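Fold and geometry: a report
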Number of protein chains: 2
Amino acid sequence: MKRVMLVVAYDGTGYHGWQAQPGHTTIEGVLNEKLSALLQEEITVIGASRTDAGVHSYGNVAVFDTNTRIPAEKLSYALNQRLPGDIVVQRSCEVAPDFHPRHCESRKTYEYRIWNSTFPMPARRLDTFFYHRPLDLEAMQRAAELLVGEYDFKSFCAAGTAVKTTVRRIYSLSVEQQKELITIRVCGNGFLYNMVRILAGTLIQVGSGERRPEELADILAAKDRSAAGPTAPAHGLTMIGIKFSS
Amino acid sequence: MKRVMLVVAYDGTGYHGWQAQPGHTTIEGVLNEKLSALLQEEITVIGASRTDAGVHSYGNVAVFDTNTRIPAEKLSYALNQRLPGDIVVQRSCEVAPDFHPRHCESRKTYEYRIWNSTFPMPARRLDTFFYHRPLDLEAMQRAAELLVGEYDFKSFCAAGTAVKTTVRRIYSLSVEQQKELITIRVCGNGFLYNMVRILAGTLIQVGSGERRPEELADILAAKDRSAAGPTAPAHGLTMIGIKFSS
C-alpha cells in the first residue's frame, strides 16, 4: 500500500465543484471513478481544496492510497489517458502514508481575475469575472496591503460556516493589471469558506469607489460577514497551487 | 444611409470561422442575422480578417451599411443584447461611406499562444496550443528578428492561394514567456493565408531545436511553402486588433 499525491488542474465550468455529490458530476467523483477503473481497486481521493462549482484549478492537490505496482510518477500519464480534456493531472508522486493535504501546514495560492472593460471578452468569459465600471487599481492595492498578516478573517467567511477558528495568515496579496485584465493574487496558510471570493468582492467595491481602502481595517475588526462586500462569482476564481511544508 | 464599423470579439471554438457558409454557423453569418433582425433590413457585413475555424478574436473589424436612425455608437449595446455570449461587439462607430476594412492601409496584430508544459492546462486548452517539448525562447526570439521588415513571405503562405503579391511588412514580432505560456505577438500591414500559423509552426521548430534560428533567412529566400514549418493549430491563434491609417 502506498499513498500517492496528484496535482490536479481543471476547467471547472462543467462541474458541480470538487466534492463528490450523488447525481452531480464533480472533479472528485470523476477522479474516483477513473482511478478505480485504472487501478482495478476502489479508490477514494482526499482533496486539499474543495473548490466550488465553476472554480478552476491549475494545481489543486489530491491524495489516495493504492496497492498498484505502477510507479507513482507514471500514474499521471496513465490517468490522463482516461480523464476528459477539462481535467488533467499535472504531476503524481508518492508521499508519506500519513500525509493529509488538509491537516498539514501549507501555503495556498489563488487568483481572482476580473475583466474590466465596457463589454465582456468572449474568449475570457469562463475564467474571468466581467465588471464594467472602471476600477482604481491603486486604491485596490492599498486596501489589499491592509489584509496581509495574521488576522481573524471572520468578516470574510460565508455566514453559518462551522470552523474551529477564523484566524488565518495572508502572506501576500497583490492586485495587478494587464490592459483589461486585473488579477488579484493571494497566498495564505489557509482560506475560510468563500474567503477569496469575498476578498475579491470587497476589493472590487474599493476599486469602484464604493468604499475607501482604509475601511478594510474596520471590516476586519467587525468580525461580521455583513461588514464585508459581496461574494464575487465563482468562475473568476482559480486555485493556482499549494506548497506543503516539509 | 450610413456605414458603421464594429469591433468584434469572439471565442472561435464553436464556429466554422468568420466567413458565411451555407449549413455552418459562422461569425459573419450570426452578425448578418442578428443585425438584420435588429435593424429590420437586410444587412451584410464586410470583415477585415476572415479568420479560420477555431481562431479567436479580441478586436476583428466589420463594416456594414444601414438606414437606421439608431446612433452608430449605440448599436454595440443593442446588438450585444441579441448576440450569444461567445460573440461580443466591443465598439461601434460611424465611418466614411467608402471605408473598406480590407482595401485600406492598416496594422493588424495577432497573438499565437503556446502552452509549453508536460501536460495541457484545462482552463487554457481552447485558447492556447499545447506543446510538450521544452522550447528555447532565446532561439525563437533570434529567429523572429529575422522576419521583421518587408519581405516576400511566399514560404509562409498556404500553398495554392491566389494573391497579387506575397510581399508583406512585419512591423514587430515578439516572443515572450510567462511561466508555461509562450506568446508570439506579430504586427504587420497584412498577412497571407495561414501566415501567422505557419510563422508559429516554424518558430516552434526553432524552439524545439529542429531548426536553427538562422534558417529563417533561407526559408524566406526559398519562396516555397515546403521550406517553412507546419501550420500550427487554429485554436492557438487570436486576432488582437486592427489600426487603420487615417
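Residues numbered from 1 in each chain as written. Chains lettered and ligands numbered in written order. Predicted model: local features only at pLDDT ≥ 70, side-chain atom pairs only at ≥ 80, totals over all residues. Heavy atoms only, no water.

**Considerations on the domain arrangement of chain A**
Many descriptions give the size of an interface as the accessible area lost when the pieces come together. All names here are of chain A. Selection rule: Domain limits in this description derive from either an automatic procedure or a database domain assignment. Two residues form a contact once any of their heavy atoms are found within 4.5 Å. By convention, the term buried area covers the 1.4 Å-probe accessible surface removed from two parts as they join, with the contributions of both added.
Taken domain by domain, chain A holds domain 1 (2-95) and domain 2 (109-240). Relative to domain 2, the C-alpha centre of domain 1 lies at a distance of 28 Å. In this assembly, 12 residues from domain 1 lie in contact with 13 residues from domain 2. Counting the surface lost from both domain 1 and domain 2, the interface buries some 930 Å², and carbon and sulfur atoms represent 53% of this. Considering only the side of domain 1, the residues that lose the most area to domain 2 are D52, H56 and Y58, jointly responsible for 51% of the buried surface there.

**Points about the side chain of H100 of chain A**
All names here are of chain A. Counted only if it meets this: Put simply, DSSP marks the helices as runs of H or I at least four residues long and the strands as runs of E at least two long, and each gets a number from the N terminus on. Buried, partly exposed and exposed residues are distinguished by accessible area as a fraction of the type maximum, computed with a 1.4 Å probe on protein chains only: under 20%, between the cut-offs, and over 50%, respectively.
Within the secondary structure, H100 sits in the loop between β4 (87-95) and β5 (106-116). A relative accessible area of 16% means that H100 is categorised as buried. Setting aside its immediate chain neighbours within four residues, H100 contacts R3 and I46.

**Comments concerning the environment of R133 of chain A**
Residue and element names in this part refer to chain A. When you line up the elements, R133 lands in the loop between β6 (129-131) and α3 (137-145). Note: C-alpha distance between R133 and E41 (92 residues apart in sequence) is 52 Å. Once you skip the residues sitting within four places of it in the chain, R133 turns out to touch N116, S208 and E210.

**Considering the pattern of salt bridges**
Our working rule: Salt bridges are counted wherever a side-chain nitrogen of Lys or Arg sits within 4 Å of a carboxyl oxygen of Asp or Glu.
As enumerated under the stated definition, the model contains 26 salt bridges over all chains in all. The salt bridge partner of R197 of chain B is D52 of chain B, with a shortest N-O separation of 3.1 Å. Here R197 of chain B is found in helix α4 (residues 195-207), whereas its partner D52 of chain B is found in the loop between β2 (46-47) and β3 (56-66), with 145 residues between them in sequence. Three or more residues joined by partner-sharing salt bridges are found here, namely E111, R113, R124, D127 and R185 of chain A.

**Section: the relation of the copies chain A and chain B**
Mapping between the two chain copies consists of a rotation about an axis together with a translation along that axis. Here is the rule: For the least-squares superposition of copies, only C-alpha atoms count, and only for residues with pLDDT at least 70 in both.
The operation relating chain A to chain B is a screw motion whose rotation component is 180 degrees, with 0.0 Å of axial translation and a residual RMSD of 0.0 Å. Read as a symmetry element, the transformation amounts to a two-fold axis. Among all residues of chain A, the minimum C-alpha distance to the rotation axis is found for R124 of chain A, at 4.8 Å. A share of 100% of the interface residues of chain A reappears at the interface of chain B, consistent with the copies meeting face to face through the same patch.

**Remarks on the side chain of R168 of chain B**
All names here are of chain B. Note the following rule: His residues and chain termini do not enter the charge count, which takes Lys and Arg as positive and Asp and Glu as negative.
Among the secondary structure elements, R168 is positioned in strand β8 (residues 167-178). Here R168 occupies a buried position and makes no salt bridge, while the nearest side chain of opposite charge, D152, is found at 7.8 Å. Residues contacting R168, with those up to four places away along its chain left out, are G149, E150, Y151, F153, N189, G190, F191, L192 and M195.

**Describing the packing of helix α1 (residues 27-39) of chain B against helix α2 (residues 72-82) of chain B**
All names here are of chain B. The test is simple: Lines are fitted to the C-alpha atoms to define the axes, a helix being fitted only along its stretch in contact, and any angle between axes, read from their N-to-C directions, falls within 0 to 180 degrees. Any angle that falls under 35 degrees is termed roughly parallel, while one over 145 is termed roughly antiparallel, one within 65 to 115 roughly perpendicular, and all others oblique. Put simply, a crossing is left-handed when the front helix is turned counterclockwise from the back one by less than a right angle, and right-handed when it is turned clockwise. In the scheme used here, Gly and all other residues not listed as nonpolar or charged are polar, with Ala, Val, Leu, Ile, Met, Phe, Trp, Tyr, Cys and Pro taken as nonpolar and Asp, Glu, Lys and Arg as charged.
Orientation of α1 relative to α2, taken along the N-to-C sense of each, is 110 degrees, at an axis distance of 10 Å. Compared by their axis directions, α1 and α2 come out roughly perpendicular. The handedness of the crossing between α1 and α2 is right-handed. Of the residues in α2, those in contact with L31, K34, L35, A37, L38 and L39 of α1 are L75, A78, L79 and R82. Looking at the contact of α1 with α2 residue by residue, the classes come out as eight nonpolar, no polar and two charged.

**Here we look at helix α1 (residues 27-39) of chain A**
All names here are of chain A. Quick reminder of the rule: A helix is expected to span 1.5 Å multiplied by its residue count minus one.
With 13 residues, α1 extends 18 Å from end C-alpha to end C-alpha; this agrees with the ideal 18 Å at 1.5 Å per step. When α1 is considered as a whole, its buried residues turn out to be I27, E28, V30, L31, N32, L35, S36, L38 and L39. Contacts from the buried residues of α1 go to β1 (2-10), β3 (56-66), α2 (72-82) and β4. Looking one or two residues past α1, Q40 carries a phi angle of roughly 60 degrees, positive in sign.

**Some words on α2 of chain A**
Residues and elements named next belong to chain A. The criterion, for reference: In this description, one arc is meant: the one made by directions from the helix axis to the C-beta atoms.
What α2 keeps buried is the set A72, L75, S76, L79 and N80. Each buried residue of α2 lies within a common arc of 125 degrees when the element is viewed along its axis, so the set occupies one face. In α2, the exposed positions angled more than 90 degrees off the buried face are occupied by K74 and Q81. As for α2, its buried residues are in contact with β1, α1, β3 and β4.

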